[in-house]
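Architecture and fold: a report
The primary structure of each chain is shown beneath.
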Amino acid sequence: MSMNHIRPWRNIERRKSRQIMVGNVPVGGDAPIAVQTMTNTDSGDVKATLGQVLAAAEAGADIVRISAPDVAATKALKEITKESPVPIVADIHFHYKRAIEAAEAGAACLRINPGNIGDEKRVKEVIKAAKDHGCSIRIGVNGGSLERHLLDKYGEPCPDAMVESGLDHIKILQDNDFHEFKISVKASDVFMSAAAYQILADATDAPIHLGITEAGGFVSGTIKSAIGLGQLLWMGIGDTLRVSLSADPVEEVKVGFEILKSLGLRHRGVNIISCPSCARQGFDVIKTVETLENRLAHIHTPLSLSIIGCVVNGPGEALMTDVGFTGGGAGSGMVYLAGKQSHKMSNEAMVDHIVEEVEKKVAAIQAAEAADAAE
């Protein structure tokens, strides 16, 4: 639960779910909402795929999924899982034997799609492999690949059909005494996904993985995901998420964290609050923010920074941030520290100075945390 006694309108009460483990990452219960992405390299190419895994982990990914379409991919998975700093989910479609091979190769979780993994006998073999190798399972229902009998029953993909598919597979897992599973009901349609997830949240206590599948390119996919995932997270639904973009996996991680940060559900790195700029700006806000995002990308400690072009909203925004800069006149602006006016700084030296102030603040936070841990 995200609790704020001073500003109760910010509170989000998370849905109560069971907790499972995906490798060393707890999912569900009171664990932080995990951010996930997926590689888009040839899975048989160890170097390229591991490179994407490492980049995603550096960006903050808690879990990375890798497609395992063939034997070459599951063979490579053995080497990748040994080197990966985060748990690897093996993405399985059509060929249940790939799931067994992935479990043997060290995957922390097996993602199976009820619509194409095969009959119950094959699912049971996957369950046995997961048990034997300590894997969890994600039941990944997709609106674009529902079972034929459900399409015949409902006439078309719909929320009820998606949830029924998921619950049918939950029953198979539970009947085989397997409970280390999470579930997703994704569609490319925001309305269908949101409705399905709301029905699912009431129907099971399993951890829920959120996503709007095939969301699109960077801009359109980010918007669709923010709308769909944002409303569900605001309702307290969701234990892991992936933002599915036709873009670099690192961008998926960044957008996922930004969605969580905007709702106060996860905090990582510098949260920059900036104005869109206008004729009143005392410096080039857009260029400054772009530069600061790059210069401060290495910081993981949560911290807030306001960059406002003029004094209309600048002082007010600075009151709420750790470090702030408000544009003024004559080529300089005001620096704010801990919400208070501190000193003037020239626009020319402002970027370097802000980076210095942020790094000083981060060092102080880390020192205080180390002292608390020592006690």
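Here we summarise the structure given alongside this text. (Residues numbered from 1 in each chain as written. Predicted model: local features only at pLDDT ≥ 70, side-chain atom pairs only at ≥ 80, totals over all residues. Heavy atoms only, no water.)

1. So, the sheet that holds strand E8 (residues 181–186)
- Spatially, the eight strands line up as an open sheet ordered E8-E7-E6-E5-E4-E3-E10-E9, and their pairing is parallel. Looking at strand neighbours, the two that pair on one side only are E8 and strand E9 (209–210), the edges of this open sheet.
- Strand direction decides the pairing type here: strand E7 (residues 136–142) and E8, joined by six bridges, are parallel. Across the sheet, Arg138 pairs through a bridge with Lys182, a residue of E8. (Pairing = 2+ DSSP bridges. Helix = DSSP H or I, 4+ residues; strand = E, 2+ residues; numbered from the N terminus.)

2. Concerning a nonpolar patch on the surface
- A cluster of nonpolar side chains, namely Phe218, Val219, Ile223 and Ile227, defines an oily patch on the protein surface of about 390 Å² accessible area.
- On the secondary structure map, Val219 appears in helix H8 (residues 218–234).
- For Val219, a relative accessible area of 58% gives the class exposed. (Patch = residues over 30% accessible without salt bridge, like charges linked within 9 Å, V, L, I, M, F, W, Y side chains within 5 Å. Areas by Shrake-Rupley, 256 points an atom, 1.4 Å probe, with all protein chains shown as cover. Salt bridge = Lys/Arg side-chain N within 4 Å of Asp/Glu carboxyl O. Buried < 20%, exposed > 50% of the residue type's maximum accessible area, 1.4 Å probe, protein only.)

3. Section: unusual backbone geometry
- With a phi close to 70 degrees, Phe94 is a non-glycine residue in the positive phi region.
- Relative to the assigned elements, Phe94 resides in the loop between strand E5 (88–92) and helix H3 (96–104).
- Residue classification places Phe94 among the exposed residues on the basis of a relative accessible area of 54%.
- Despite not being glycine, Asp177 has its phi angle at roughly 55 degrees, a positive value.
- For Asp177, the location among the structural elements is in the loop between helix H6 (159–175) and E8.

4. As for the packing of aromatic side chains
- Inspection of every chain in the model, using the stated rule, returns one aromatic pair.
- Between Phe283 and Phe325 the ring centres are 5.4 Å apart and the planes differ by 75 degrees, which places this aromatic pair in the edge-to-face class. A residue pair is termed long-range when its members are at least 10 positions apart, and Phe283 in the loop between strand E11 (270–274) and helix H10 (285–295) and Phe325 in strand E13 (residues 323–327) qualify at 42 residues.
- Since its relative accessible area comes to 7%, Phe283 is described here as buried.
- A cation over a ring is seen here: Arg18 above Phe181, with NZ or CZ 4.9 Å from the ring centre.
- The lysine or arginine in question, Arg268, covers the ring of Phe257, its NZ or CZ lying 5.8 Å from the ring centre. (Phe/Tyr/Trp six-rings, centres within 6.5 Å; stacked < 30°, edge-to-face > 60°. Lys NZ or Arg CZ within 6 Å of the ring centre and 35° of its normal.)

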